[in-house]
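# Chain and residue survey
Chain residues, written in single-letter form:
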Amino acid sequence: MPQPGRVLLVPMGGSDPVPWDGRSRYNSQGLTALVPQLRQAYPVPGGPWEYGGVLRVWVRQNDDLVLERLPVDPTNDIPATPPKK
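Residues numbered from 1 in each chain as written. Predicted model: local features only at pLDDT ≥ 70, side-chain atom pairs only at ≥ 80, totals over all residues. Heavy atoms only, no water.

## Remarks on the overall build of the protein chain
Per the secondary structure count, the protein chain includes one helix and five strands. The linear arrangement of helices and strands in the protein chain, starting from the amino end, is β-β-α-β-β-β. Counting only residues that meet the buried cut, the protein chain has 27% of its 85 residues in that class. Put simply, of all contacts in the protein chain between residues at least 6 apart along the chain, 37% involve residues at least 24 apart. Of the roughly 6,100 Å² of accessible surface on the protein chain, a fraction of 55% belongs to carbon and sulfur atoms. (Helix = DSSP H or I, 4+ residues; strand = E, 2+ residues; numbered from the N terminus. Buried < 20%, exposed > 50% of the residue type's maximum accessible area, 1.4 Å probe, protein only. Contact = heavy atoms within 4.5 Å. Areas by Shrake-Rupley, 256 points an atom, 1.4 Å probe, with all protein chains shown as cover.)

## Looking at the environment of valine 18
Structurally, valine 18 can be placed in strand 2 (residues 18-19). Overall, the relative accessible area of 41% leaves valine 18 in the partly exposed class. Along the sequence, valine 18 and valine 7 sit 11 residues apart, while their C-alpha atoms lie 8.4 Å from each other. What valine 18 contacts, discounting residues up to four positions off in sequence, is Val7, Leu8 and Leu9.

## A closer look at the pairing of strand 4 (residues 55-59)
Residues of strand 4 alternate between two faces, with Leu55, Val57 and Val59 buried on one and Arg56 and Trp58 left unburied on the opposite face. Sheet topology places strand 3 (residues 46-51) next to strand 4; four bridges connect them, and they run antiparallel. Directly across from glutamate 50, in strand 4, lies its bridge partner arginine 56. In textbook terms, the turn of a hairpin is the stretch between consecutive antiparallel strands, and for strand 3 and strand 4 this stretch comprises three residues, one of which, glycine 52, has a positive phi near 60°. Strand direction decides the pairing type here: strand 4 and strand 5 (residues 65-69), joined by five bridges, are antiparallel. Each bridged residue has a counterpart across the sheet, and for valine 57 the counterpart in strand 5 is leucine 67. (Pairing = 2+ DSSP bridges.)

In short, the description is geometric, and any link to function would need to be established separately.
Here's what the structure looks like:
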């Protein structure tokens with residue numbers, strides 16, 4: 001059975017993806033449990049697809065999984081700070 005491709009993360013601000021170290025989080029996103037789910041949801045090369053409103057996902061021809069954190073829209077994505085009393 002062939003080994004799955006690498007998991008590559010696009011740094012914030014964009015640039016070439018870098019290999020995931022298998023341990024760290026990606027912009028507060030825990031990946032250890034998420035990567036197998038993404039591989040199951042996106043089993044064939046293609047993309048980009050949007051996952052959960054927080055990630056852009058591609059699968060390369062060589063089976064590498066590429067993840068990019070979607071930008072945060074402060075007007076929609078960040079709750080208002082409650083007023084101080």
